[in-house]
Amino acid sequence: MDATFAEMPANEVRLGHALRGGSDAVEEAVGIACGTHPLLPRQPADQDAVDAAESALGVAPDARPVYAYLGDLHPALGTVGLVLERSWLRTLNGVTRCDSGGLIGRRGAFAILTNTETTSTLQALTFSGASLHAWEPAFGTELADSYRDGVTGYVNGEEPDVSAWQDARVKCFHQAVSPRDRRLWTWEARLGAGPAPDDVVALAFSRSAAAVLEDLHRRGLDVPDTVRVLYGSSSSEGAQFHDPAVRSLLAGGA
Amino acid sequence: MGDSIRVGLSSYWAGRPTRFRRDDTFACVRALLDSPDTRGMGLLPIVISLGTELRVSGLVSGDRPIAGQELATLLAEGHAHAIEHPLAPEATGPLCAAWLGSAFVRACEDADAPEVPFEKSEMTRIPRLGWYLVDSPAVVFAALDGWLRKTFVAAIDRRSREIAELLSWVEPNRDETRTALYLTGTKDQRERDLKWWARLERDAGRADVTDEALRHRIDATCSRIFLEWRPPMTTPALPGPWAHVALAERCAERLAPPIDPFPEDPSRSSVAQAIRIAREAAIRGKPADRDEVESTRVALLDQVHRSWQDAQISSQIHPHALHAVESALFGAERGPADTHLDQALLSMQHGIAEIVYPDITWQPLPALWAHFRARADRAVYNDAQWLSRWASNEGVTASFFERPLWPEGPPVAWEDHVARFRNRLFSARSSSEH
């Protein structure tokens, strides 16, 4: 069920970051919200692809960024996620119009790109250094032009209308069959440092993760009042990974 | 999962329910999502492969494709657990997994909770983690829902925090879970829980919730779950005052065990004495001796009321159980003019709830309190029907008092509640005597 919320401007879209699963992730999320546990760059699951993408983007090996997605919790079916305020963008190093690791590693729909074109494509789709300031207007334009419902459509995972796009994502998009992998069009942000506690808007927990948090809370763990805590649930229709409020927050809602 | 895995074919997957038998040889569950925890039980979405396609099933939002790389990320980062579970040809979607953690099963056994709703022998085992089976969300949820309700009742009836915490490992956000945790918690836990739940409600964008509103919801949950037959509000017409005194005596007798200071030695017990006086008056059809009543009343104050004050159990001046005993005693003395039956009935009804939940009986939870008095009300109704046929103006036959006090059995775990209450009531006295 898609969330519906009043149309939000693209410059209010928040960031999403999924923590690694398991019981420890719950404590880690609370630690980040409390400021007792920094969110550090981590070894990616697809290390070869991410290493290659960082190398293509000129990221020094010892300066691995923290990854986040604009308006999306990735992976979408992760158990513990953070919704982060845009104030965290003060540490922004780069933005790419899609998943950089997937692109350079030719994963999924990116597989039709040749090895020789991946690097140039990644660079063309990336805002960094002198072009970094241009990401925000470009993001606003892409959301306004490509989604019938603008920000709402993007945050809900609606497939974009790519007719106005002029980059290599178009042929990847047409090569794949709908419903397509949203990493083709989900904007990735790379940040130089983890968020401060004030940057954390909400902690989103799946049903299983919520059970772990409840157990920790009974044992005395507290979550700052400034952070919203949102639980997934299950019903006779199945599981709902995250409360609908998560998407509303990612879209910039209150 | 390699790069060769292709994003799905929408036309095939467009509708629900989905039938997974286009090619029966390769429909297979590849992963349990939502990181199954050995301490929990619940409904998990799953990833199904059909040939080269991967699909997430068991989501409220409907099935959706998932890329091989995306699944690989979920597995590598601990959000999912890889399995290899071929689907039966007749399996139709949507499907999900029922999860049963090993530690959860042990915790259920330790807490003597109701049996888990899935047969382990019909499930697939994952060593050191637990068991799963694949079925439709409707079937899995119905099994979980039934267990939650049954276990909620067990937690409330037995005032078991251990069982209440098990509910939280299944559905932490359910009203039943919160109600069970609230009622079985200490004062500090209750206050902390109410604040936490109010905050979760606010965080989820629901209306601003006050403590009072949450308490109403707790009682509404009890009202929804405890569907019990209650006798008519009016008891059958009783023949004469001594039937009233007999009925009051039975109320006192039901509530005597938790407050009897000397259950092994009736000759020393003021409670046993009071009940004997009321019974004899009812059988004789004559008021009890005033001096004997007065000395028993003083002994009750000394043996029970003092302990109650020392134990500081609640804001009530007397335990309701003591009121029930005193009412029977005064009825014996003041009958036939004033049989004190109404006071005895009311005290018995409140008294049962007080024995089970001594610290919160002052709270306005009418559905919960009605649940605890239901069995006693039926027992009284049963007694009253007997008396309406067999008692007379002159007195009640002695055989009336040989009838079972609790025709349907006492309240659940009554002996445990009595022992717990007695322990608290008389512990201060025991320690001062030592």
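Residues numbered from 1 in each chain as written. Chains lettered and ligands numbered in written order. Predicted model: local features only at pLDDT ≥ 70, side-chain atom pairs only at ≥ 80, totals over all residues.

Draft legend 1. How the structure looks around the overall build of chain B. When its secondary structure is counted, chain B shows 15 helices and nine strands. The buried share of chain B, taken over its 434 residues, is 48%. In chain B, the proportion of contacts linking residues at least 24 apart, taken out of those at least 6 apart, comes to 73%. (Helix = DSSP H or I, 4+ residues; strand = E, 2+ residues; numbered from the N terminus. Buried ≥ 20, exposed ≤ 12 C-beta atoms within 10 Å, placed from the backbone. Contact = placed C-beta atoms within 7 Å.)

Draft legend 2. Spatial organisation of the overall build of chain A. What chain A contains, in helices and strands, is nine helices and ten strands. Its C-alpha atoms give chain A a radius of gyration of 18 Å, within 12% of the compact-globule value 18 Å for 254 residues. Taking the principal axes of the C-alpha coordinates as reference, chain A spans close to 55 × 40 × 30 Å. The burial tally for chain A puts 51% of its 254 residues in the buried class. Sequence separation of at least 24 residues holds for 80% of the intrachain contacts in chain A that already meet a minimum separation of 6. (Rg over C-alpha atoms; globule rule 2.2 N^0.38 Å.)

Draft legend 3. Structural view of the domain arrangement of chain B. Residues and elements named next belong to chain B. When the domains of chain B are assigned, the result is domain 1 (10-135), domain 2 (150-225) and domain 3 (241-433). One C-alpha centre belongs to domain 2, the other to domain 3; they are set 32 Å apart. Domain 2 puts ten residues into the contact, and the matching count from domain 3 is twelve residues. Those elements that place two or more of their residues in the side of domain 2 that touches domain 3 are α4 (137-158) and α8 (211-225). In terms of residues, the side of domain 2 that touches domain 3 owes the most to one element, α8, which gives five residues. (Domains from an automatic or database assignment.)

Draft legend 4. Looking closely at the environment of Ile360 of chain B. Residues and elements named next belong to chain B. Looking at the element boundaries, Ile360 is found in the loop between α13 (341-356) and α14 (366-390). Residue classification places Ile360 among the partly exposed positions, given that 19 C-beta atoms sit within 10 Å. Separated by 66 residues in sequence, Ile360 and Phe426 have C-alpha atoms that sit 20 Å apart.

Draft legend 5. Local environment of the sheet that holds strand β2 (residues 66-70) of chain A. Residue and element names in this part refer to chain A. Reading across from one edge, β5-β4-β6-β2-β1-β3-β7-β8 is the order of the eight strands in this open sheet, with mixed pairing throughout. A strand with exactly one partner marks an edge of an open sheet, and here the two such strands are β5 (126-128) and β8 (228-231). Ignoring strand direction, the axes of neighbouring strands in this sheet form an average angle of 25°. In the sheet, strand β4 (residues 92-96) pairs with β5 via three bridges, with the strands oriented antiparallel. Paired with Val95 across the two strands is Phe127, which belongs to β5. (Pairing = 2+ DSSP bridges. Axes fitted to C-alpha atoms, helices over the stretch in contact; angles between N-to-C directions.)

Draft legend 6. Representation of the pairing of strand β3 (residues 80-84) of chain A within the structure. All names here are of chain A. In terms of residue burial, β3 counts as a mostly covered element, since five of its five residues are buried. Where burial is concerned, the two faces of β3 agree: the one with Val80, Leu82 and Leu84 and the one with Gly81 and Val83 are both buried. In terms of strand pairing, strand β1 (residues 15-19) meets β3 through five bridges, oriented antiparallel. Pairing of Gly16 across the sheet is with Val83, part of β3. In terms of strand pairing, β3 meets strand β7 (residues 200-205) through five bridges, oriented antiparallel.

Draft legend 7. Region of interest: the sheet that holds strand β8 (residues 124-126) of chain B. Residue and element names in this part refer to chain B. An order of β2-β7-β9-β8 is seen for the four strands of this open sheet, with the pairing classed as antiparallel. Looking at which strands have only one partner, the edges of the open sheet turn out to be β2 (41-44) and β8. The mean inter-strand angle of the sheet, taken between neighbouring strand axes irrespective of direction, is 25°. As paired strands, strand β7 (residues 96-101) and strand β9 (residues 130-135) are joined by six bridges and run antiparallel to one another. When the sheet's bridge partners are listed, Leu100 is paired in β9 with Trp131. Against the sheet, helix α3 (residues 102-111) makes contact with β2, β7 and β9, and its axis sits at roughly 55° relative to β7, the strand it touches most.

Draft legend 8. Up close: the packing of helix α10 (residues 270-284) of chain B against helix α12 (residues 320-334) of chain B. All names here are of chain B. Here α10 crosses α12 at 40°, and the two axes come no closer than 8 Å. The crossing of α10 and α12 is left-handed. Residues Val271, Ala274, Ile275, Ile277, Ala278 and Ala281 of α10 form the contact with α12, whose participating residues are Val325, Ala328, Leu329, Gly331 and Ala332. Residues of the contact of α10 with α12, tallied by class, amount to ten nonpolar, one polar and no charged. (Left-handed = near helix turned anticlockwise from the far one by under 90°. Nonpolar A, V, L, I, M, F, W, Y, C, P; charged D, E, K, R; others polar.)

Draft legend 9. Representation of helix α9 (residues 241-255) of chain B in the model. Between its terminal C-alpha atoms α9 of chain B stretches 22 Å, which fits the 21 Å expected from 15 residues at 1.5 Å a residue. With 15 of 15 residues buried, α9 of chain B lies mostly within the body of the structure. (Expected span 1.5 Å × (residues − 1).)

Draft legend 10. Region of interest: the pairing of β1 of chain A. All names here are of chain A. Of all five residues in β1, five are buried, a share of seventy percent or more. Burial along β1 is two-sided: Leu15, His17 and Leu19 and Gly16 and Ala18, pointing in opposite directions, are all buried. Bridge analysis of β1 against β2 gives two bridges, and the strand direction is antiparallel. Bridging from a neighbouring strand, Leu15 pairs with Leu70 of β2.

Draft legend 11. A look at the nonpolar core. Core analysis: the largest hydrophobic core is formed by 180 residues, its most contacted members being Ile46, Ala252, Ala278, Val325 and Ala328 of chain B. Once residues lying within four places of it in the same chain are set aside, the contact partners of Ala328 of chain B are Ala248, Glu249, Cys251, Ala252, Ala274, Ile275, Ala278 and Ala344 of chain B. Counting 17 residues, the second-largest nonpolar core is a separate cluster that includes Leu57, Ile104, Leu113 and Trp185 of chain A. (Core = buried A, V, L, I, M, F, W, Y, C linked by C-beta atoms within 7 Å.)

Draft legend 12. Molecular detail of the interface of chain B and chain A. Each partner contributes residues to the interface: chain B has 48 residues there, and chain A has 46 residues. Within the residue set of the side of chain B that touches chain A, elements represented by two or more residues are β2, β5 (64-65), α2 (68-76), α4 and α7 (187-203) of chain B. In terms of residue count, the dominant contributor to the side of chain B that touches chain A is α2 of chain B (six residues). Taken together, the residues that form the side of chain B that touches chain A break down as 26 nonpolar, 14 polar and eight charged.

Draft legend 13. Local environment of unusual backbone geometry. Residues and elements named next belong to chain B. Cis geometry marks the peptide bond from Gly335 to Pro336, where omega comes out at 0°. Residue placement: Pro336 occurs in the loop between α12 and α13. For Asp34, which is not glycine, the phi torsion reads 60° and is therefore positive. The residue Asp34 is located in the loop between β1 (27-32) and β2 in this model. A positive phi angle is found at Ala413, which is not glycine, with a value near 55°.

Draft legend 14. View of helix α6 (residues 175-184) of chain B. Residues and elements named next belong to chain B. Judged by how many residues are buried, α6 sits mostly within the fold: nine of ten residues are covered. Every buried residue belonging to α6 is among Glu176, Thr177, Arg178, Thr179, Ala180, Leu181, Tyr182, Leu183 and Thr184, and all of these are buried. Residues of α6 that are buried make contact with α4, α5 (161-168), α7 and α8.

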